[in-house]
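This is what each chain is made of:
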Amino acid sequence: MINVEKLIMEAELLATEYFKEIEKIALANQKKVLEAFRKNRVSAMHFHGSTGYGYDDIGRDTLQRVFADIFDTEAAIVSPLITSGTHALTIALFGICRPGDCILSVTGKPYDTLDEVINGKNNGSLKEFNVDFSQIEMSDGKLDYVEIKKEIIKLKPKIVFLQRSRGYSLRDALSLEEIKRVSEIIKKQSPNSIFMVDNCYGEFVCESEPTSVGADLIVGSFIKNPGGGIAPTGGYLAGKKSVIDLVASRFTSPSIGTEVGSFINGYLPFYQGLFLAPTTVSNALKSSILAGYAFQALGYETLPSLSKKPSDIIRSIRFNTKKELIDFVQAIQYVSPVDSYVTPEPWDMPGYTDQVIMAAGTFVQGASIELSADSPIKEPYVGYLQGALTYEHGKLAVTEALKRIVK
Ligand SMILES: *Cc1c(COP(=O)(O)O)cnc(C)c1O
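1. Thoughts on the side chain of Ser 183
Residue position: Ser 183 is located in helix 7 (residues 176-189). Aside from chain neighbours lying at most four places away, what touches Ser 183 is Phe 195, Val 213 and Gly 214.

Written as structure tokens, this is what we have:
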């Protein structure tokens, strides 16, 4: 009989040096966030809500400037009116592209919820607006730089699209070094192409963001990393001013851009969430690393590899059977603060091809910066674990999951 408590203690010991590295990154990011707050003179008046058109909404405008500073960009759109990451990505693709343009993904098929955005029929997809899409497959989790260069020269795409995080594929998130290399190819071979990065799950994982290594636009969700577990909804886009202006026309209207947009509840949770985000992300990363060492000790294949720095907060674990995968997800639900008495089962989700099982006992519905697990039900049976507002929660969850699986 395996002693799970002992196994967790050993995993934690192995993770000591790794944890120190993560704390160092969190410290650097906390400093960056505070500097942006100071520079933009954030004060209580920025937390108030607005109504109607939201003209001169200083809470909104200042939040956008804070964001742009943290992410090393000229401009940003940050809004509770962006419903999700998918919505933010959609605004970007439609805002930038014109009929006849082409989007080239260098990371294979984008996230599942973009399928219909790109290729849908009779739903207002990019395809119906005559925007072409092509993709370069990754092999063995690596970018194919030769093919990327060839296709960029051939297509001169309007957008070169890169998904930093793994999504639902068994690969690692891309490092900033890899993202930089793609950027260099673009700048050399097709300088008019816009380099757009789906940055979901990547914020504050490293000391800088893709925009510091050449991305023209990054996009993400507030119920993931940058919301710090506090923001109740929303999304962001940050990048070059010329690109943000294009996106702003689509986000609201070409005539009003980002001059409008009110939020009666105010912006306190967005500022506070952003302030907490570096620590929240570090708690999530530590939980992911602990899970990595613990499941590896039991012989499971897991990513990211423990011999390198992570580039997103996700831990993938490859289970032997569908039952193990389901047991794992149910364990995570059981240790959640909300709906712990519920037993999740696989079901059909809008925007996803396969059935999906999800543990999402979160305060904010669907927030995956909070401890959560999900997986499409298909072979190989890979479970994706992410989030944890506190490391203690992550640790208890990994312990429960191990107990159920070794049984
Ligand atoms: C979560 C996610 C999305 C979509 O975000 P939603 O908020 O779920 O719509 C897109 N891309 C990646 C890589 C993601 O992780």
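We are not done yet, so read on.
2. Some words on the site of the ligand
Around the ligand sit Ser 84, Gly 85, Thr 86, Leu 89, Tyr 111, Gln 163, Asp 198, Cys 200, Tyr 201, Ser 221 and Lys 224, and those are all the residues in its vicinity. At 2.5 Å, a side-chain N or O of Thr 86 approaches an oxygen atom of the ligand. In terms of residues, the shell around the ligand owes the most to one element, helix 4 (residues 85-96), which gives three residues. Among the residues forming the shell around the ligand, the class breakdown is four nonpolar, five polar and two charged.

3. Some points on the packing of helix 9 (residues 268-297) against helix 11 (residues 391-406)
Running from N to C, helix 9 and helix 11 point in directions that differ by 25°, and their axes come no closer than 8 Å. If you check the angle between helix 9 and helix 11, you find them roughly parallel. Our pair here, helix 9 against helix 11, has a crossing hand that is right-handed. In this structure, helix 9 contributes Asn 283, Lys 286, Ser 287, Leu 290, Ala 291, Ala 294 and Phe 295 to the contact, and helix 11 contributes Tyr 391, Gly 394, Lys 395, Val 398, Ala 401, Leu 402 and Ile 405. Partitioning the contact of helix 9 with helix 11 into residue classes produces nine nonpolar, three polar and two charged.

4. Some thoughts on unusual backbone geometry
Cis peptide bonds are those with omega within 30 degrees of zero, and the linkage from Leu 303 to Pro 304 qualifies with 0°. Note on placement: Pro 304 falls in the loop between strand 8 (301-303) and strand 9 (315-318). Residue Pro 380 follows Glu 379 across a cis peptide bond; omega there is -10°. Summarising the element assignment, Pro 380 is placed in the loop between strand 11 (372-376) and strand 12 (382-386). A positive phi angle is found at Phe 204, which is not glycine, with a value near 65°.

5. Observations concerning the packing of aromatic side chains
Inspection of the entire model under this criterion finds 19 aromatic pairs. An angle of 85° between the planes, with centres 5.7 Å apart, marks the rings of Phe 222 and Phe 270 as edge-to-face. In this pair, Phe 222 sits in the loop between strand 6 (217-221) and strand 7 (235-239) while Phe 270 sits in helix 9, placing the two residues 48 residues apart along the sequence. Across the pair, exposure class does not vary: Phe 222 and Phe 270 are buried alike. Pairing Phe 263 with Phe 270 gives two aromatic rings, centres 5.9 Å apart and planes at 75°, and the pair type is edge-to-face. Exposure remark for Phe 263: the relative accessible area of 16% places this residue in the buried category. The class for Phe 270 is buried, based on a relative accessible area of 1%. A cation over an aromatic ring shows up here: Lys 224 above the ring of Tyr 111, its NZ or CZ 5.6 Å from the ring centre. When the ring centre of Tyr 201 is taken as reference, the NZ or CZ atom of Lys 224 above it lies at 4.3 Å.

6. Quick notes on a nonpolar patch on the surface
A surface patch of nonpolar side chains, amounting to about 280 Å² of accessible area, comprises Leu 34, Ile 230, Phe 275 and Leu 276. Within the element layout of this structure, Phe 275 appears in helix 9. Residue Phe 275 is classed as partly exposed on the basis of its relative accessible area, which comes to 33%.

7. What to know about the pairing of strand 1 (residues 75-79)
Counting buried positions along strand 1 gives five out of five residues, so the element sits mostly inside the fold. Of the two faces of strand 1, both are covered, the one formed by Ala 75, Ile 77 and Ser 79 as well as the one formed by Ala 76 and Val 78. Summarising the sheet, strand 1 and strand 7 pair through five bridges and their orientation is antiparallel. Across the sheet, Ala 75 pairs through a bridge with Gly 239, a residue of strand 7.

8. Quick word on the sheet that holds strand 8
The strand order across the open sheet formed by five strands is 8-9-12-11-10, and the pairing between neighbours is antiparallel. Looking at strand neighbours, the two that pair on one side only are strand 8 and strand 10 (356-359), the edges of this open sheet. On average, each strand axis in the sheet is inclined to that of its neighbour by 20°, with strand direction left out of account. Two elements, strand 8 and strand 9, share three bridges in a ladder whose sense is antiparallel. Within the sheet, the bridge partner assigned to Glu 301 lies in strand 9 and is Arg 318. The sheet contacts of helix 10 (residues 322-334) involve strand 9, strand 10, strand 11 and strand 12, and relative to strand 10 the element is tilted by about 30°.

Calculation criteria
- Residues numbered from 1 in each chain as written.
- Predicted model: local features only at pLDDT ≥ 70, side-chain atom pairs only at ≥ 80, totals over all residues.
- Heavy atoms only, no water.
- Helix = DSSP H or I, 4+ residues; strand = E, 2+ residues; numbered from the N terminus.
- Contact = heavy atoms within 4.5 Å.
- Near = heavy atom within 4 Å.
- Polar contact = N/O pair within 3.5 Å; in protein donor to acceptor, adjacent residues only side chain to side chain.
- Nonpolar A, V, L, I, M, F, W, Y, C, P; charged D, E, K, R; others polar.
- Axes fitted to C-alpha atoms, helices over the stretch in contact; angles between N-to-C directions.
- Parallel < 35°, antiparallel > 145°, perpendicular 65-115°, else oblique.
- Left-handed = near helix turned anticlockwise from the far one by under 90°.
- Phe/Tyr/Trp six-rings, centres within 6.5 Å; stacked < 30°, edge-to-face > 60°.
- Buried < 20%, exposed > 50% of the residue type's maximum accessible area, 1.4 Å probe, protein only.
- Lys NZ or Arg CZ within 6 Å of the ring centre and 35° of its normal.
- Patch = residues over 30% accessible without salt bridge, like charges linked within 9 Å, V, L, I, M, F, W, Y side chains within 5 Å.
- Areas by Shrake-Rupley, 256 points an atom, 1.4 Å probe, with all protein chains shown as cover.
- Salt bridge = Lys/Arg side-chain N within 4 Å of Asp/Glu carboxyl O.
- Pairing = 2+ DSSP bridges.

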